[in-house]
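Chain and residue survey
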Amino acid sequence: MIRINCPFCGERDHTEFSYGGDASIVYPELDASMEEWHDAIFMRENIRGMQSETWHHANGCRMWLVVERDTMTHEIQSVRPAHKGNAAVLSTTDTGGEQ
Amino acid sequence: MSAKRLPQGGRIDRDQRIRFTWDGSSMTGYAGDTLASALMANGETVLGRSFKYHRPRGIMSAGVEESGAIVTVGQGRRRDPNVKATMQELYPGLAASGQNAWPSVRFDLGAVNGLFGRFFSAGFYYKTFMGLPPMEWGKGTGLWMQYEKIIRRAAGMGVASREADPDVYDHVHGYCDVLVVGSGPAGLSAALTAAKAGLDVLLVEQDCELGGDYLNQADEASGKKRKDLIAKLEKAGARMMTRTTAFGLYDYGTAGLLERVTDHIASPDKHLPRHRFWTVRAKQTIVATGALERQVAFGNNDRPGVMNVAAGRSYLNRYGILPGQDIVVATNNDSAYATAAELASAGATVSLLDARATIPESMMSLVGNSGVNLHTRSAPLNVRGSHGVNGLDFAVAGQGGWSAQGSESCDLVLVSGGWSPVVHLLSHRGIRPVWNVEQACFVGPDEVNEPIYMAGSAAAVWNIEDCLTSGESAATKAIKALGGKARQKKAPAPGGWESPIEPLYEVTVSGRQLKSFVDPQHDVTTEDVRLAHREGFVSVEHLKRYTTLGMATDGGKVGNIIGLALMADAQGKEIPEVGTTTFRPPYTPVSIGALKGRNVDGHFRPLRRTPMHVWNLDHGATMTMAGLWHRPWYFARKGEGISEAYVRETETTRRTVGLCDVTSLGKIAIQGPDATEFLNRIYTNPFAKLPIGKARYGIMLRDDGIVMDDGTTWRLSETDYFMTTTTAHAGKVMVFLEELLQTRWQDLRVHVTSVSEQWAGSAVAGPKSREVLEACVEDPSVMSNDAFPFMGVIETTLKGGIPCRIARISFSGEMAFEAYVPSDYASALMDLLWAAAEPLDGCLYGLEALGAMRIEKGHVTGAELDGRVTIDDAGLGKMASPAKSFIGSAMRNRPELMREDRPRLVGIKPKDASQTFNAGSILCAEGKVSGLGEGWITAVTHSPAMGHWIGLGFISSGYEAWEGKTVIAADPVRKGNIEVEIISPHMYDPDGERMYG
């Protein structure tokens, strides 16, 4: 059982969350070429070690989070809101978030 | 074996006699007995039959590693097979029976397998029955599947009840600072140290009593120390659980516990669950799980009456049984001496064989005083007797190995081949144990990357005093890791015996072929292991799978090390070079019931009901499941079945008016200054210019260009939209919208809120639908055709002041509306609508009629939009705007998705109008009924409008390519093949005149 420290809710079982995907992907503009979209959707690194990934707190606050997780050990290095605006608000109002 | 209960001693309560039955015979035991100890005291020796050879088996241990006394407990619905008699507490009325034997374990016809022992070696079945010419030439594995059934019946375990489990199981979640697994000396002292430091401690013990090895000691001091530690723990506020096994350790300090709540109670309180499945999140974990005594492989070492030494001690000191009269104790280490002395003092004749040449003085005096007959450099070679032990041949160590050296009559052989620390929980974490040469066992590594600490004999600390220190030391590590202050106690190093153990795994002499078992539970012999080596199995993991060594219900607790040692020997290597197998959860079996907990029957998955559920039932609805939703299926009138009901509902709706609960559709509020831009990006068709007060049908694609969902979106104001999704995809769409706004398009000022639960809705469909609504709204003028055209949206008030939003949209193909009210008004809405519709000869309709009407119209649902279908496949290509970019617009143009011969949405009708056909049938060209065919059928219905059965489906190149041709709807395992024709999916009112009317 991975435990994820949601910046909004606190530490919770990973079963409250659903895995999104690789958080390092920059999705192209909608009018970008098929090739660019192809790479963004299908091409993935199979990382051994620390990986940045998105998780959705589906059975919690419904926020999308960016989690840095070691794919070997499940160790989580950091958790932050995916939305920069939310992240900024959090960082000025409290200390939470980072483990 | 001629065991007898002693007149005093042990932890049993001789004042509480307990009656139980074994294979139908009534017997008695005492409170505090296990089933095994009670059977032993009753003189029962053969309690089981082995897996392959049906050899008689008896009690081999006093714990979880039991491989012989595996029995079936309970009757009828509560029959529980493969129970270790050594772990089953006795209770009044317990009914146990032998298994894997016919007619009984004492006389088992299956034992004939033993005569053919040489045929049943490792891999025998596979070699013989799989792909061996000429039996299976050209037949693949077909025949094997037949043989396998027979083989499985002959080999095997007990039989579970076929009836539903009557018991209740619970899931419980727990938290603690320190989880201590095991309540022996190390566990008790670890728990006490941590609890005294103010930590929240949870101590779990698989046994019914706390104490671990203290319970097997005869001396008063041990008993006193145990009581003292437990009293202090209670005072310090530690939580303690007995009959609770930590069966697995998982990520982040999560432990799985199985608490056996009622397995020891004759008639439990019916409100109690049988088992509780605990998920405990521990900040620190101390593993004080003890060690298991190993066997030695020698001839017929599986006979009833061969046990481990510790079991002998346990039956003597804990259960007050002298397990034999003439006992041979065989050992290679110091631990057996005390037991030998105690057995002799209790009145048995005891011979002690020690494989070692030199024995320390203190050990000699320990047994010398009690009259034990000590033989050094000696080991057991072969057991005599079949249903019990009546003698033992032994061997002595010489220059070139073992040689036979006479025999002795005896009725019990106790063996200690050394001790294996229980490192299972550590292994569950992927941490490999390391081989300790001095102690001849695997121990945890010095450095562990997780807050898990091994203590006591689980860390190969053999001496009880050292175990106390070891527990304390582990606890101080945990205290410090949690930021507390504690003076670090030095952990005792592995060891504690006066003289070293001499590794001994197998005793064999040249020229004698003996059946020596490595894993008695799966009937794996030393010869099987060597055979596997000869046949080229090098890896331990392969050895395990080929021979099934360690794959029985004990999970290799007994045989793994011997198997490894034999493999190492065969390869000329040391044990650590061969490796160890990985232990995986569970440590001991976990009932399926505990895994499922309360998630059965109605609680198997969540049930969703609409706010008009009761109203629907009151009005005669028969319900059906649609995903998690309970929805009206049809509203039967007197004398109607489903077929009559839905046909009438369809006809009535098309003739006058019908009402249908559509609350289960997903509903999402999309609000904000950039809501329009957002919708324009996610839908394939233009939304930028949707006027306020209008709705639009929209399709959204996934990033990869495949259709995700469809629905209507209503514009309520400049910045406020109301989106509906299909029932099936409501959750998925919501997640996707949230993802887009929170990750990719963070600059868009839009909020999305699921309002599915907040709004209840009804479709009002049919030529008289407007009349119905006119009667329901406070101001009927809002309903005029001019004020409320097709795809119009109004927010208005119903009679009685009920706020309502209505859109003129149609799924049925009729003039139709969807009216939504806040959920609390659901019944009021239906009362109003029905009061207006009933006098107009209207009806209520359910999912079946809804489906019939949408199939007639060729409208798609989840059955068609199955995650493989493109917008063009669904015949909706015109909905994809060429003038803008949207999610999926780039990828939908991939060449493979644009092929003309892709399966396209079509209508289907039978060639002979009286014929019916099934959804799920494969569409094949005439004369070519094979393979994947040309397409498939997604939905079928009887069409009242057309008077025959129709269907929707997909077929390559679409309906134009199949005009005038006969197609076969192939359904070989159900209905057979039906000839059909492919037509346009828009089968009813293709121009939509009824809808606009």
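Use the structure listed above.
Cut-off values and rules
- Residues numbered from 1 in each chain as written.
- Chains lettered and ligands numbered in written order.
- Predicted model: local features only at pLDDT ≥ 70, side-chain atom pairs only at ≥ 80, totals over all residues.
- Heavy atoms only, no water.
- Helix = DSSP H or I, 4+ residues; strand = E, 2+ residues; numbered from the N terminus.
- Buried < 20%, exposed > 50% of the residue type's maximum accessible area, 1.4 Å probe, protein only.
- Contact = heavy atoms within 4.5 Å.
- Buried area = accessible area lost by both parts, 1.4 Å probe.
- Salt bridge = Lys/Arg side-chain N within 4 Å of Asp/Glu carboxyl O.
- Phe/Tyr/Trp six-rings, centres within 6.5 Å; stacked < 30°, edge-to-face > 60°.
- Lys NZ or Arg CZ within 6 Å of the ring centre and 35° of its normal.
- Pairing = 2+ DSSP bridges.
- Core = buried A, V, L, I, M, F, W, Y, C linked by side-chain atoms within 4.5 Å.
- Polar contact = N/O pair within 3.5 Å; in protein donor to acceptor, adjacent residues only side chain to side chain.
- Axes fitted to C-alpha atoms, helices over the stretch in contact; angles between N-to-C directions.

**Some remarks on the overall build of chain B**
- Helix and strand counts for chain B stand at 25 helices and 50 strands.
- Across its three principal directions, the C-alpha atoms of chain B cover 115 × 75 × 55 Å.
- Across the 997 residues in chain B, those meeting the buried criterion constitute 58%.
- In chain B, of all internal contacts separated by at least 6 residues, the share reaching a separation of at least 24 is 65%.

**Details of the interface of chain B and chain A**
- Taken together, the contacts link 29 residues of chain B with 25 residues of chain A.
- Of the roughly 2,300 Å² buried where chain B meets chain A, counting both sides, 60% is carbon and sulfur surface.
- Where chain B meets chain A, there are 2 salt bridges.
- Salt-bridge contacts for E738(B) lead to R62(A); the nearest nitrogen and oxygen are separated by 2.8 Å.
- Those elements that place two or more of their residues in the side of chain B that touches chain A are β14 (275–287) and α20 (730–744) of chain B.

**Notes on the packing of aromatic side chains**
All names here are of chain B.
- What the rule picks out here adds up to 17 aromatic pairs over all chains.
- Look at F537 and Y546: their rings are 4.1 Å apart centre to centre, the planes differ by 15 degrees, and that puts the pair in the stacked class.
- Aromatic pair F722 and W759: ring centres 6.0 Å apart, planes at 70 degrees, arrangement edge-to-face. Of this pair, F722 sits in strand β38 (residues 720–725) while W759 sits in strand β40 (residues 759–765), and the two are 37 residues apart along the sequence. Per residue, the accessibility class of F722 equals that of W759, and both read buried.
- Aromatic rings pair up to connect W714, F722, W759 and Y820 into one cluster.
- The ring of Y587 has K557 lying over it, and the distance from NZ or CZ to the ring centre is 4.3 Å.

**Regarding the sheet that holds strand β42 (residues 802–807) of chain B**
Residue and element names in this part refer to chain B.
- One open sheet holds the 6 strands; their spatial order is β41-β42-β43-β40-β34-β44, and the pairing between them is mixed. Each edge of the open sheet is held by one strand with a lone partner, namely β41 (793–798) and β44 (843–844).
- Across 6 bridges, β41 lies against β42 in antiparallel orientation. Along β42, the bridge assignment pairs V793 with A807.

**A word on the nonpolar core**
All names here are of chain B.
- By size, the foremost hydrophobic cluster in this structure holds 52 residues, and its most contacted members are F20, W22, L35, Y315, V329 and V350.
- Ranked by residues supplied to this core, first place goes to helix α8 (residues 336–345) with 6 residues.
- Those residues in contact with F20 that sit more than four places away from it in its chain are S25, S26, M27, T28, G29, L35, A38, L39, N42, L90, Y91 and L94.
- Of all hydrophobic cores here, the second largest spans 34 residues; its members include W615, V657, V764 and L833.

**Regarding helix α13 (residues 540–547) of chain B**
Residue and element names in this part refer to chain B.
- Considered for burial, the residues of α13 that qualify are V540, L543, K544, Y546 and T547.
- Capping the start of α13, S539 holds a side-chain oxygen 3.0 Å from the backbone nitrogen of E541, two or three residues further along.
- In the segment just after α13, T548 is the residue with positive phi, at about 65 degrees.

**Some remarks on unusual backbone geometry**
- In the segment running from P585(B) into P586(B), the intervening peptide bond is cis, with an omega of 0 degrees.
- Topologically, P586(B) is positioned in the loop between α15 (575–578) and α16 (592–596).
- For H74(A), which is not glycine, the phi torsion reads 70 degrees and is therefore positive.
- Along the chain, the position of H74(A) falls in the loop between β5 (64–70) and β6 (76–81).
- On the accessibility criterion, H74(A) (22% relative accessible area) is partly exposed.
- Even without being a glycine, A460(B) presents a positive backbone phi close to 65 degrees.

**A word on the sheet that holds strand β3 (residues 25–31) of chain B**
Residue and element names in this part refer to chain B.
- Across the sheet, 5 strands lie side by side as β3-β2-β8-β6-β7; this open sheet has mixed pairing. In this open sheet, the two strands that pair with only one neighbour each are β3 and β7 (80–84). If you compare each strand with its neighbour and ignore which way they point, the axes differ by 40 degrees on average.
- Bridge count for strand β6 (residues 70–73) against strand β8 (residues 95–97) is 2 bridges, and the pairing is antiparallel. Residue pairing across strands places T72 opposite S97, the latter belonging to β8.

**Some remarks on the environment of K84(A)**
- Position of K84(A) relative to the elements: it lies in helix α2 (residues 84–93).
- Expressed as a C-alpha distance, the spacing of K84(A) and M72(A), which sit 12 residues apart in the sequence, is 28 Å.

**Here's the deal with the environment of V929(B)**
Residues and elements named next belong to chain B.
- The residue V929 is located in the loop between β46 (922–925) and β47 (935–943) in this model.
- Along the primary structure V929 and P972 are separated by 43 residues, whereas in three dimensions their C-alpha atoms are 9.8 Å apart.
- In this structure V929 touches C924, I968, A970 and N977, once residues within four positions along its chain are discounted.

**Observations regarding the pattern of salt bridges**
Residues and elements named next belong to chain B.
- According to the stated counting rule, one finds 55 salt bridges over all chains in the structure shown.
- The residue E209 makes a salt bridge to R11 at a minimum N-O spacing of 2.8 Å. Of this pair, E209 sits in the loop between β10 (201–204) and α6 (220–236) while R11 sits in the loop between β1 (4–5) and β2 (13–22), and the two are 198 residues apart along the sequence.
- Judged by its relative accessible area of 23%, E209 is partly exposed.
- Given the relative accessible area of 35%, R11 is considered partly exposed.

**What about the side chain of H613(B)?**
Residue and element names in this part refer to chain B.
- Positionally, H613 belongs in helix α17 (residues 613–618).
- Judged by relative accessible area, which is 7%, H613 ranks as buried.
- Setting aside anything within four residues of it in sequence, one finds H613 in contact with M623 and H630.

**A look at the pairing of strand β9 (residues 169–181) of chain B**
Residue and element names in this part refer to chain B.
- By the criterion of burial, β9 is predominantly enclosed, with 10 of the 13 residues buried.
- Judged from the 12 bridges that link them, β9 and β14 form a sheet pairing that is parallel. Its bridge partner lying in β14, H171 is registered against F277.
- Of the strand pairs in this sheet, β9 and β10 are connected by 4 bridges, and their pairing is parallel. The partner of L179 across the bridge, within β10, is L202.

**Quick notes on the environment of S956(B)**
Residue and element names in this part refer to chain B.
- Tracing the chain through its elements places S956 in strand β48 (residues 948–956).
- Here the alpha-carbon distance between S956 and D901, two residues 55 residues apart in the chain, equals 5.1 Å.
- Ignoring anything within four residues of it in the chain, the contact list for S956 reads D901, R902, P903, E934 and W962.

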